Amino acid sequence: MSTLRDLDGSDLVLGVATASFQIEGATSADGRGPSIWDTLCRRPGAIKDGSDGSTACGSYDRVDEDLDLIRDLGVEAYRFSIAWPRVQPDGRGEANAAGLDHYERVVDGCLARGIVPLPTLYHWDLPQPLEDDGGWPARATAQRLADYAGIVARRLGDRVTWWSTLNEPWCSAFLGYAAGIHAPGRQEPAAAFAAAHHLLLGHALAAEAVRAAAPAASVGIVLNLAPVWPEEDAAREAADYVDAIQNRLWLDALVDGSYPAILPALHDPALVRDGDLAAIAGSAAWLGINYYTPFRIGPAGEGAGSERVQSPRAYPGAPSLRFLPREPVTEMGWEVDASGLEEVLLTTSRRAPGLPLMVTENGSAYADATRSADGSAEDDDRIAYLRDHLAATRRARDAGADVRAYIAWTLLDNFEWAEGYTKKFGLVEVEAGTLRRIPKASYRYYAGLAGRAKR
Ligand code: IFM
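Everything numeric in this text was worked out from a predicted model, so none of it was measured.

Draft legend 1. Spatial organisation of the sheet that holds strand β8 (residues 295-299). Pairing in this open sheet of 3 strands is mixed, and the strands run β6-β8-β9 from one edge to the other. Where the open sheet ends on each side, the last strands, each with one partner, are β6 (228-230) and β9 (321-323). Averaged over all adjacent pairs, the angle separating strand axes in this sheet is 35 degrees, with direction ignored.

Draft legend 2. Spatial organisation of the sheet that holds strand β1 (residues 13-17). Read around the barrel, 8 strands follow the order β1-β2-β3-β4-β5-β7-β10-β11 and close on themselves; strand pairing throughout is parallel. On average, adjacent strands in this sheet sit at an angle of 25 degrees to one another, irrespective of strand direction. The pairing of β1 with strand β2 (residues 77-81) spans 3 bridges and is classified as parallel. From the neighbouring strand, A17 faces β2, where its bridge partner is R79.

Draft legend 3. Local environment of the site of the ligand. Around the ligand, the neighbouring residues are Q22, H123, W124, N167, E168, Y292, W334, E361, W409, E416, W417 and F425. Between the ligand and H123, the relevant distance is 2.8 Å, taken from an oxygen atom to a side-chain nitrogen or oxygen of the residue. W409 has a polar side-chain atom sitting 3.3 Å from an oxygen atom of the ligand. Bound to the protein, the ligand loses 95% of the 280 Å² it would expose on its own. Each residue belonging to the shell around the ligand can be placed in one class, and the counts come to 6 nonpolar, 3 polar and 3 charged.

Draft legend 4. A look at the packing of aromatic side chains. Counted under the stated rule, the structure contains 22 aromatic pairs. Centre to centre, the rings of W162 and W286 are 6.3 Å apart; their planes meet at 65 degrees, and the pair counts as edge-to-face. Remark: W286 occurs in the loop between α11 (276-280) and β7 (287-290) and W162 occurs in strand β4 (residues 162-167); sequence separation between them is 124 residues. An angle of 80 degrees between the planes, with centres 5.9 Å apart, marks the rings of Y292 and F425 as edge-to-face. With Y292 in the loop between β7 and β8 and F425 in the loop between β11 (403-409) and β12 (428-430), the pair connects residues that are 133 residues apart, well separated along the chain. As far as the burial class goes, Y292 and F425 line up, both buried. The structure contains a cluster of three or more aromatic residues connected by ring pairs, namely F21, W37, W124, F415, W417 and Y421. Here the guanidinium or amino end of R86 rests over the ring plane of Y60, the centre of that ring lying 4.1 Å away.

How each quantity is defined
- Within each chain, residue numbers correspond to sequence positions counted from 1 in written order.
- Side-chain atom pairs in this predicted model are given and counted only at pLDDT of 80 or more, local residue features only at pLDDT of at least 70, and totals for whole chains, interfaces and linings cover all residues.
- Side-chain calculation: all heavy atoms of the structure are included, whereas hydrogens and water are not.
- Any two strands between which DSSP finds at least two bridges are classified as paired.
- Here a helix means four or more residues in a row that DSSP labels H or I, a strand means two or more in a row labelled E, and each is numbered from the N terminus.
- Lines fitted to C-alpha atoms define the axes, with helix axes restricted to the stretch in contact, and inter-axis angles between N-to-C directions lie between 0 and 180 degrees.
- For this purpose, a residue is taken to be near a molecule or strand whenever a single non-hydrogen atom of the residue falls within 4 Å of it.
- Contacts described as polar in this section are N or O atom pairs within 3.5 Å, which, within protein, must combine one atom able to donate a hydrogen with one able to accept it, while residues neighboring in sequence count only if both atoms come from side chains.
- All accessibility values rest on the Shrake-Rupley procedure with a 1.4 Å probe; residue burial counts only the protein chains present in the view.
- Here the term charged refers only to Asp, Glu, Lys and Arg, the term nonpolar to Ala, Val, Leu, Ile, Met, Phe, Trp, Tyr, Cys and Pro, and the term polar to all other amino acids, Gly among them.
- Two rings belonging to Phe, Tyr or Trp (six-membered ring only in the last case) form a pair when the distance between their centres is within 6.5 Å. Interplanar angles under 30 degrees mark stacking, angles over 60 mark edge-to-face geometry, and anything in between is tilted.
- For every residue, the accessible area (1.4 Å probe, protein chains only) is compared with the maximum for its type, and the residue is labelled buried under 20%, exposed over 50%, or partly exposed between those bounds.
- The criterion is that NZ of a Lys, or CZ of an Arg, lies within 6 Å of the ring centre and within 35 degrees of the ring normal, and then a charge sits over that ring.

What follows is the structure, given as structure tokens:
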């Protein structure tokens, strides 16, 4: 067994990430309760290919097989998420022992293979009963997250050091409650701002609960940050507004305990109560950054605006705008530009001095049409994307950003939310029907890098 590397920053630790709903399947096994994503999947038209997460990659029953793939990849960290509805099927109350047992298997399986486990407590699968009680726009949900976090940390806190509370709360709040593209599929701008605040409050309370159970824990939060570039002067105001919702809302609250002045909904004392921002400020011991693409913003107009990059509805209150990605783009329609990652790492390290950073997700969706003689995918585009973004990460480190890890998204082709199974981000293909794992050329490429990083 190899020894576990500490993420102390002496070198960049490489890893790979997944998320519970995207890979596990087994959505009614061992007492798991329904989540908001199970519900959204049943709504006609919500998921591009009409699919759902009931099978996904079948990872719930393939823990050892998947962990062996990670060990053979040679990376040192595995970022996965814990499904709240497995641990608390109703989102509150007693723990479901079988749910906790599952994640104990994942953590112990990592440790036995010399892999650092990086659990995320919430990657979008809110127990449906909590949504029935109002979801994230309801303040009580923040305390529910903390209760759940405490349960998990009491079970796993003796073996896990690096925790993250939330994955991409911007998506939960603004795709879930404003654009309505993600679960729970509501289009209520005021609710989206309330959700954003309660997610941050929930993060702060959950971090406290984890530290109470596991004093040595380092608890962070994972944000999807993006540089926002106006394409012309007429788009400056819109770009500033997008930047406020995408980036500053989260960073200002976490670093200074404030919200951007241009978001009036977050200055309502009925929502943001005395003491809330003081609890949120300084509550993250590290920041995870998920980066895929920069946002180029143009003023509203005819033509090229790409709803595929991001829906303008996810920025309620913004002046009219269009997203204008330049070629090359991935299958998601997301512009490929590694300089955006370098920029985000450098600006965040200046904005949050003293907070270690991790690139907690970075990757690309491609169709993987080219096959080698043995039938495996020859995914040169994904290899180039990985190579360029890893180089950008190293440049940011060399320029002084305290970046501890680079975690590729993702191990397996999986359930890509509203896109169903139509978009493939994996280093490993999952054969439809058999669920056989077939490593792609990018897996072998990344294994080569991981091997060199460890030497
Ligand atoms: O698949 C998602 C992941 O769940 C969160 N970050 C972005 C990825 C690609 O869309």
